[in-house]
Amino acid sequence: MKWRYPLSDIDLGEEEEREVLKVLRSRWLSTGPVTERFEKAYSNYLGGGFAVAVSNGTAALHLALACMDLRQGDEVILPSLTFVATANAVLYVGGRPIFADIVSPDDLNISPEEIEKKVSKRTKAIVVMHYGGYPCDMESIGSIAKQHHLHVIEDAAHAPGSEYHGEKCGTLGVLGCFSFFSNKNLVTGEGGMVFTRNQAFAERVRTMRSHGMKALSWDKYRGHLSSYDIGDLGYNYRTTEIQSALGLVQLKKLDRNNQKRRKLVEAYRKELQGTGEISVPFPKCGTGPSYHLFPVLISPSIPREKVMDGLRGHGAQTSIHYPPIHLFSLYRRQFGYKKGMLPKTEDVSRREVTLPLHPGMDVQDVNWIAGKLKDVIRKM
Ligand SMILES: Cc1ncc(COP(=O)(O)O)c(C=O)c1O
């Protein structure tokens with residue numbers, strides 16, 4: 001279906017085309033010098049540290065969690081209102097996911113109070129996810145982590161460019177994981193980044209990214225290396241020079257595009273305020289978010305599917321962020337999780353609708369979509 005208003009769209013132009021062409025002509029396509037440049041630029045953007053480019057955001061989460069050295073049955077506290085990859089990565093390393101509820105319908109992020117209730121002797125780490133690019137309460141979460149000697153890992157898939165008290169999201173925990181999937185604020189098709197200021201973790205992530213080898217195929221290609229040793233189990237989570245070339249250009253556009261998103265979100269808020277059946281989370285969002293998503297909550301008396309169908313009829317694409325992970329068959333079967341465990345998460349995930357938001361839109365588009373949403377609801 002061709003949408004009049006797709007949920008997201010990418011801002012790719014001639015500069016990306018030129019840079020990709022240069023890579024193709026260089027005849028080296030796997031991780032190499034362009035990726036090194038992307039890593040440096042990304043770590044500079046985040047304020048300095050180690051950035052390791054990987055094949056996608058899920059790989060970034062896997063490698064960050066692998067640094068936690070979990071033993072079978074060790075627990076990781078995380079939200080259920082996130083993409084399934086956040087939790088699957090815990091399973092990849094043999095951990096038990098312990099889901100904590102969100103703060104409220106106004107703040108869809110993991111609740112520090114709920115985290116604290118879930119800490120046990122088996123807890124090894126906390127994974128937070130900055131929902132829609134709105135930063136979690138990292139101060140409270142950091143102090144709980146400190147008190148219980150736990151590491152905090154950030155799933156910053158939605159949060160390239162988000163700031164919390166002047167610091168970039170993805171730098172607030174011990175390891176930050178980014179996704180550059182095609183619908184994200186910074187797009188490389190598939191792609192991801194692990195950021196850390198801990199040198200030992202950076203080295204481990206770098207090694208695990210490429211089979212456990214200390215050096216890259218690029219070093220062999222340049223004749224810097226003929227043999228190698230494997231010290232730790234690794235994976236092939238390398239990225240390509242093509243993706244890194246895209247990432248370098250996209251990074252230059254990130255702040256400007258996040259500002260465009262902010263203007264659109266302000267317009268949506270203005271247009272939807274005072275509509276009894278619709279509430280907009282994160283009312284006190286300040287200027288820090290990356291505005292990755294624009295979620296609204298529909299009153300429980302209105303069937304959400306009908307709202308989504310109504311908008312589809314007008315050519316506007318919507319989505320749900322997210323079905324709660326603890327109620328997926330796999331998680332129910334493997335861990336015995338049940339409905340009612342996380343009442344706030346479950347309530348929000350029944351009522352949430354994500355509206356189109358991307359930097360290619362303008363305020364008229366927002367007003368049109370918001371107007372149609374109100375019409376659809378009025379006619380019910
Ligand atoms: C919150 C969240 N975490 C993790 C991921 C996984 O990233 P990727 O698709 O790059 O593997 C995504 C996105 O797709 C996401 O939205």
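Below or above, wherever it landed, is the structure these notes cover. (Residues numbered from 1 in each chain as written. Predicted model: local features only at pLDDT ≥ 70, side-chain atom pairs only at ≥ 80, totals over all residues. Heavy atoms only, no water.)

**Section: the sheet that holds strand β12 (residues 278-279)**
Consideration 1: The strand order across the open sheet built from three strands is β12-β13-β14, with neighbouring strands paired in antiparallel fashion. Only two strands of the sheet have a single partner each, and these edge strands are β12 and β14 (352-355).
Consideration 2: In terms of strand pairing, strand β13 (residues 294-298) meets β14 through four bridges, oriented antiparallel. When the sheet's bridge partners are listed, Val-296 is paired in β14 with Val-353.
Consideration 3: Each of β13 and β14 is contacted by helix α12 (residues 343-351), which is oriented at about 50° to β14, the strand it contacts most. (Pairing = 2+ DSSP bridges. Helix = DSSP H or I, 4+ residues; strand = E, 2+ residues; numbered from the N terminus. Contact = heavy atoms within 4.5 Å. Axes fitted to C-alpha atoms, helices over the stretch in contact; angles between N-to-C directions.)

**Here's the deal with the packing of helix α1 (residues 14-26) against helix α9 (residues 241-272)**
Consideration 1: The geometry of α1 relative to α9 is characterised by a closest axis approach of 9 Å and an angle of 155° between their N-to-C directions. Accordingly, the angle class assigned to the pair α1 and α9 is roughly antiparallel. Judged by the sense of rotation from one axis to the other, the crossing of α1 with α9 is right-handed. Residues Glu-15, Glu-16, Glu-19, Val-20, Val-23 and Leu-24 of α1 pack against Glu-241, Ile-242, Ala-245, Leu-246, Val-249, Gln-250, Lys-252 and Lys-253 of α9. (Parallel < 35°, antiparallel > 145°, perpendicular 65-115°, else oblique. Left-handed = near helix turned anticlockwise from the far one by under 90°.)

**Description of the site of the ligand**
Consideration 1: Taken together, 16 residues lie around the ligand, and Gly-57, Thr-58, Asp-155, Ser-179 and Lys-184 are the ones closest in.
Consideration 2: The contact in question runs from an oxygen atom of the ligand to an N or O atom on the backbone of Gly-57, over 2.8 Å.
Consideration 3: In the environment of the ligand, an oxygen atom lies 3.1 Å from a nitrogen or oxygen atom belonging to the side chain of His-158.
Consideration 4: Taken by itself the ligand offers 390 Å² of open surface, and the protein chains cover 92% of this.
Consideration 5: For the shell around the ligand, the elements supplying multiple residues, two or more each, are α3 (57-66) and α4 (84-92).
Consideration 6: Ranked by residue count, the leading element in the shell around the ligand is α3, at three residues.
Consideration 7: Here the residues of the shell around the ligand sort into six nonpolar, eight polar and two charged. (Near = heavy atom within 4 Å. Polar contact = N/O pair within 3.5 Å; in protein donor to acceptor, adjacent residues only side chain to side chain. Areas by Shrake-Rupley, 256 points an atom, 1.4 Å probe, with all protein chains shown as cover. Nonpolar A, V, L, I, M, F, W, Y, C, P; charged D, E, K, R; others polar.)

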